[in-house]
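# Descriptive structure summary
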Amino acid sequence: MLKRALSGLLAAGVILGVGELVSVPFGPNSSPFYAVGSAVVDNTPEAVREWAIDTFGTSDKTALFVGMSLIIAALAALAGIMRAPRGAVLFVGLGAAGVIAALTRTGNNLLDAIPTVTGVAVGIVVLNALIRAAESPEPTQGISRRSFLGLAVAAGALAVVAGTAGRMIGQARNVTANRLAFLLPTPKPQVPISPGADLNTTMNIDGLPSYITPNEDFYRIDTALVLPQVPSNTWKLRIHGMVERELEITFEDLMQREAVEKTVTLTCVSNIVGGDLVGNATWIGYPLKDLLEEAGIQDGADMVLSSSYDAFTAGTPLEVLLDGRDALLAVGMNGQPLPVRHGYPARLVVPGLYGYVSATKWVTDLEVTRFDKVTAYWTDRGWGELGPIKTASRIDTPRSGRTVQAGKTMIAGVAWHQHLGISGVDVQIDEGNWMPATLSEEYSKDTWRQWVLEWDAPPGNHTIRARASDANGDIQTSMTADTVPDGATGYPQISVSVS
Ligand SMILES: Nc1nc2c(c(=O)[nH]1)N[C@H]1C(S)=C(S)[C@@H](COP(=O)(O)O)O[C@H]1N2
Ligand SMILES: [Mo]
């Protein structure tokens, strides 16, 4: 029984390993493991996705890989225990799921079934051989035992070597070298090159994140299980649809244009109250308004559907892109070419809208169209169409649940309402009066502001709440709302014990 379960596990390893290696010429979306993974991502019910993001945060991809591996391992062991041919039938069933997943990935075709089919074929041969060796009558001289062991070691080696080679060759085709050679344009210095240098946008308070979020600390949210590898020399941005003239823009074209540098705070609609799916960066890029106007917008258009290399789509209200705000085709992030995980070589950044309707990474296509004609990735999954960011605040320090020393304590955090701006933050201790916090200088209405309140903390357990007011003086709502369908609301709250 143990041998049979092990046979199943090894055969599954062979399927995935061989599948990975054979997927190299067809791209990562044809690998059985990643194809199934991204099919799961695309078809996860909203409630499960929300639960996963709440539970695992930005480790949700790791959680998915671990979960998938456990399920595959359990089914594989079962297939072994059922023996060939019934085990083989189970593998064929799993293979069929892999083939369907591979064929339904956007941009894939029939050829993308080859890695899974090959993997399953080899895996079934291995399963049969292992089961036969495991089941053969007890040997007189230990021959069959040794032959099971030998076969098992060989199968394990095949799985590991093929899988590792497949991953390594896949990685070797990545854009690291291309990105290192990428020449970041020099922006027209309309804004201070390092924001905060001449403004007091940064408060130096322990436990408060820096005003500019370093690239390594910037949150990452996307549906890509394998990072899209898009070299800048083959990248093109097509602008089409309801336009006077279609444009196809390459990096050579972009070099002829004036780049700008703008600091913009990005936020994810999946950010829970108090959450960390928000970051502030200085982006180098090209105004989208100029590109769209060059293409010439036809009457009646009200949306730009942006698509990525990995077939993600976002629908952005056209008026937001044309009203003069710093909506960018960004190529640089905090003085570096975009990190691959943040969209190298080009992405969109639109102040005031959640990322899911605007911030398309690895962007390759802009279709000028209408909301009543097309829908986008997340709106197809029940999220709001327009995606304006809501007024929000966060308490960064003290950390909730911590014990702090009685006496002078800094309560500090950030507040944001991109493209409207923040005018104030109030803090409430227990059920006391709301007290105004001190705000850092506003860099622009497209970025977050830091705030601080000095508190003479008395011993005991305390609850601290915060609330921000937008530029119109409207206080963020105290009504709690879930992230689905258009962003969480409610006051951030922490509890601390003071000793
Ligand atoms: N290609 C692609 N672009 C994408 C996404 C995606 O899944 N795929 N997710 C969007 C969402 S939901 C957000 S919040 C932002 C996050 O950008 P970041 O990962 O650089 O922080 O990217 C947006 N752009
Ligand atoms: Mo998002």
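Residues numbered from 1 in each chain as written. Chains lettered and ligands numbered in written order. Predicted model: local features only at pLDDT ≥ 70, side-chain atom pairs only at ≥ 80, totals over all residues. Heavy atoms only, no water.

Moving on to the overall build of the chain. In terms of regular secondary structure, the chain is built from 11 helices and 19 strands. Taken along its principal axes, the extent of the C-alpha atoms in the chain is 85 × 65 × 40 Å. When the 499 residues of the chain are sorted by exposure, 51% land in the buried category. For the chain, restricting intrachain contacts to residue pairs at least 6 apart in sequence, the fraction spanning at least 24 positions comes to 74%. Here the chain displays about 22,200 Å² of accessible surface, and carbon together with sulfur accounts for 57% of that area. (Helix = DSSP H or I, 4+ residues; strand = E, 2+ residues; numbered from the N terminus. Buried < 20%, exposed > 50% of the residue type's maximum accessible area, 1.4 Å probe, protein only. Contact = heavy atoms within 4.5 Å. Areas by Shrake-Rupley, 256 points an atom, 1.4 Å probe, with all protein chains shown as cover.)

Walk down a regular strand and you will see the side chains alternate between the two sheet faces. Of all 11 residues that make up strand β18 (residues 460–470), 8 are buried, and the element is covered over most of its length. Of the strand pairs in this sheet, strand β14 (residues 422–429) and β18 are connected by 7 bridges, and their pairing is antiparallel. From the neighbouring strand, Ile429 faces β18, where its bridge partner is Ile464. As judged from the 6 bridges shared by β18 and strand β19 (residues 493–498), these two strands associate in the antiparallel manner. Paired with Arg465 across the strands is Gln493, a residue of β19. (Pairing = 2+ DSSP bridges.)

Any two aromatic rings considered together are summarised by their centre-to-centre distance and by the angle between their planes. According to the stated counting rule, one finds 15 aromatic pairs in the structure shown. For the ring pair Trp51 and Phe56, a centre distance of 5.5 Å and an interplane angle of 85° mean the geometry is edge-to-face. On the basis of an interplanar angle of 50° and a centroid distance of 4.7 Å, the ring pair of Trp235 and Phe251 is categorised as tilted. Remark: Phe251 occurs in helix α9 (residues 251–255) and Trp235 occurs in the loop between α8 (176–180) and β1 (237–241); sequence separation between them is 16 residues. (Phe/Tyr/Trp six-rings, centres within 6.5 Å; stacked < 30°, edge-to-face > 60°.)

Under the domain assignment, the chain is made up of domain 1 (2–172), domain 2 (215–381) and domain 3 (392–498). A C-alpha centroid distance of 30 Å is found between domain 2 and domain 3. When domain 2 packs against domain 3, close to 1,500 Å² is buried across both sides, 58% of that on carbon and sulfur atoms. On the domain 2 side of the contact with domain 3, Thr263, Thr265 and Val273 bury the most area, a combined 32% of that side's loss. At the boundary of domain 2 and domain 3, one finds 0 salt bridges. Applying the counting criterion to the domain 2 and domain 3 interface returns 5 residue pairs in polar contact (both at pLDDT 80 or more). Breaking the side of domain 2 that touches domain 3 down by element, the ones donating at least two residues are β3 (260–267) and β4 (278–287). Ranked by residue count, the leading element in the side of domain 2 that touches domain 3 is β3, at 5 residues. A breakdown of the residues in the side of domain 2 that touches domain 3 according to their chemical character gives 9 nonpolar, 10 polar and 4 charged. (Domains from an automatic or database assignment. Buried area = accessible area lost by both parts, 1.4 Å probe. Salt bridge = Lys/Arg side-chain N within 4 Å of Asp/Glu carboxyl O. Polar contact = N/O pair within 3.5 Å; in protein donor to acceptor, adjacent residues only side chain to side chain. Nonpolar A, V, L, I, M, F, W, Y, C, P; charged D, E, K, R; others polar.)

Describing two packed helices takes the angle between their axes plus the distance from one axis to the other. Relative to each other, helix α1 (residues 2–22) and helix α6 (residues 114–135) sit at 155°, their axes nearing to 7 Å. In terms of their interaxial angle, α1 and α6 are classed as roughly antiparallel. With respect to the hand of their crossing, α1 and α6 are arranged in right-handed fashion. Of the residues contributing to the contact of α1 with α6, the split by class is 15 nonpolar, 6 polar and 3 charged. (Axes fitted to C-alpha atoms, helices over the stretch in contact; angles between N-to-C directions. Parallel < 35°, antiparallel > 145°, perpendicular 65-115°, else oblique. Left-handed = near helix turned anticlockwise from the far one by under 90°.)

Below, the discussion takes up a nonpolar patch on the surface. A surface patch of nonpolar side chains, about 300 Å² in accessible area, is lined by Val48, Trp51 and Phe56. Note on placement: Trp51 falls in helix α3 (residues 46–56). (Patch = residues over 30% accessible without salt bridge, like charges linked within 9 Å, V, L, I, M, F, W, Y side chains within 5 Å.)

There is about 990 Å³ of room inside the largest pocket. Along the wall of the largest pocket there are 40 residues; nearest its centre are Pro28, Asn29, Val226, Pro228 and Tyr309. Top contributing element to the lining of the largest pocket by residue count: helix α7 (residues 143–172), with 4 residues. By residue class, the composition of the lining of the largest pocket is 15 nonpolar, 16 polar and 9 charged. (1 Å grid on protein atoms, 1.4 Å probe; cavity = no way out; pocket = protein on both sides within 12 Å on 5 of 7 lines; lining within 4 Å. Points joined across faces, edges and corners; volume = space filled by probe spheres on them.)

Following the criterion strictly, the structure yields 19 salt bridges and no others. Between Arg220 and Asp222 there is a salt bridge whose closest N-O contact spans 2.8 Å. Relative accessible area serves as the criterion here: at 16%, Arg220 is assigned to the buried category. Where Lys361 meets Asp222, a salt bridge forms, and the shortest distance between an N and an O atom there is 2.9 Å. Of this pair, Lys361 sits in the loop between β9 (347–349) and β10 (363–369) while Asp222 sits in the loop between α8 and β1, and the two are 139 residues apart along the sequence. Both residues of the pair, Lys361 and Asp222, belong to the buried class. Counted as one network, the salt bridges with shared partners bring together Lys61, Arg220, Asp222 and Lys361.

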